[in-house]
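What follows is each chain in one-letter form.
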Amino acid sequence: MDRFVVSCLKATFTSTISGDVLSLTTSREIWEFLESCFQTQYRARKNMLRAQLFGIKRGNLNILVYLQKIKSITDSLAAIGEKVNDSDLIMHVLNGLGREYDTFIISAQNKDNPYTFSELKARLLTHEQWLFDQDRDTTGIYDSQHNSGLYARNGNSNSGNSYNANGGKKKNGSNFPYGRGNGNKSGQYGSSFSNIQGNYDPGSSSTSTGGSRRFDLSQVDCQICRKKGH
């Protein structure tokens, strides 16, 4: 009869277990081996899950994902017979929230009637939204002040710089036509072209009088009658 039981047990094993029980001859030996093997696996998984639960931190996770991660670990512990009660579950949730939830943690720990997991979840989601709104308002105020400061600085730096009607740049009351040169009191440009008169003819003679250059028109051919001098 025992040989029949041994045969039935060995027929149900996977290839990884069959090699370990091959040398066992009685059903008792096989059963004790299986018990020892599964107890070792059970303890290893229980210790791993408990370590994950004790060391879990929210980090950059939002509240919903963080709570789902904790719930997954506690469900796995419950599946192997290690159920986590509500008080321990709340403690693990609060311990992993981080410094920005300090006020909420203190309030929850000093509460006369401790939260259930469902109540804690709702409260944390509300607090997370409040923190988000506070951060958004603070960022908006900072951006507004920063932009006002930049506008004020740019306004002061450009207050002495303007452009006159001729396209020249005014700086501290001076005229700079075309962006160069020093303005004079008479309003004339730095360079004058009024002293050049007439059209230049390479074959004509010229005289220089009083700094102005005049050309002799008596040697220029008329384009109509072909005569000179008119």
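Residues numbered from 1 in each chain as written. Predicted model: local features only at pLDDT ≥ 70, side-chain atom pairs only at ≥ 80, totals over all residues. Heavy atoms only, no water.

**Observations regarding the overall build of the chain**
Counting its secondary structure elements, the chain contains seven helices and five strands. Reading the chain from its N terminus to its C terminus gives the helix and strand order α-α-α-α-α-α-α-β-β-β-β-β. Going through the 230 residues of the chain one by one, you find that 19% of them count as buried. Sequence separation of 24 or more characterises 36% of the internal contacts of the chain that already satisfy a separation of 6 or more. (Helix = DSSP H or I, 4+ residues; strand = E, 2+ residues; numbered from the N terminus. Buried < 20%, exposed > 50% of the residue type's maximum accessible area, 1.4 Å probe, protein only. Contact = heavy atoms within 4.5 Å.)

**Topic: the nonpolar core**
Among the nonpolar cores identified, the biggest contains 24 residues, and Val 93, Leu 94, Leu 97, Leu 120 and Leu 124 are the most heavily contacted of them. Every element with two or more residues in this core is listed here: helix H3 (27-55), helix H4 (63-79), helix H5 (86-95), helix H6 (102-109) and helix H7 (117-158). Setting aside chain neighbours within four positions, we find Leu 124 in contact with Ile 63, Leu 67, Val 93, Leu 97, Tyr 101 and Phe 104. Core analysis: the next-biggest nonpolar cluster, separate from the first, contains seven residues, Val 6, Ile 17, Val 21 and Ile 30 among them. (Core = buried A, V, L, I, M, F, W, Y, C linked by side-chain atoms within 4.5 Å.)

**Structural notes on the packing of aromatic side chains**
If you walk through the whole model with that rule in mind, you get zero aromatic pairs. Of note, Lys 111 hangs over the ring of Tyr 115, and the distance from its end group to the ring centre comes to 4.9 Å. (Phe/Tyr/Trp six-rings, centres within 6.5 Å; stacked < 30°, edge-to-face > 60°. Lys NZ or Arg CZ within 6 Å of the ring centre and 35° of its normal.)

**Some thoughts on H6**
In an α-helix, one turn spans 3.6 residues; hence positions three or four apart end up facing the same way. Of all the positions in H6, only Phe 104, Ile 105 and Ala 108 are classed as buried. For H6, the arc enclosing every buried residue in end-on projection is 100°, short of the 170-degree limit, so these residues lie on one face. For H6, exposure combined with an orientation more than 90 degrees from the buried face picks out Thr 103 and Ile 106. (Arc of directions from axis to C-beta.)

**Observations regarding the side chain of Thr 74**
Following the sequence through the fold, Thr 74 ends up in helix H4. According to the relative accessible area criterion, Thr 74 is buried, its value standing at 8%. Beyond its immediate chain neighbours, meaning those up to four positions away, Thr 74 contacts Leu 53, Val 84 and Leu 89.

**A short note on the pattern of salt bridges**
Inspection of every chain in the model, using the stated rule, returns five salt bridges. The salt bridge involving Arg 58 is made with Glu 100; its shortest N-O contact spans 2.4 Å. With Arg 58 in the loop between H3 and H4 and Glu 100 in the loop between H5 and H6, this residue pair connects regions lying 42 residues apart in the sequence. Here Arg 58 falls in the buried class, since its relative accessible area comes to 8%. Classification of Glu 100 by relative accessible area gives partly exposed; the value is 49%. A salt bridge links Lys 71 to Asp 75; the shortest N-O distance between them is 3.0 Å. Residue Lys 71 and its partner Asp 75 are both found in helix H4; the two are separated by four residues, about one turn of the helix. (Salt bridge = Lys/Arg side-chain N within 4 Å of Asp/Glu carboxyl O.)

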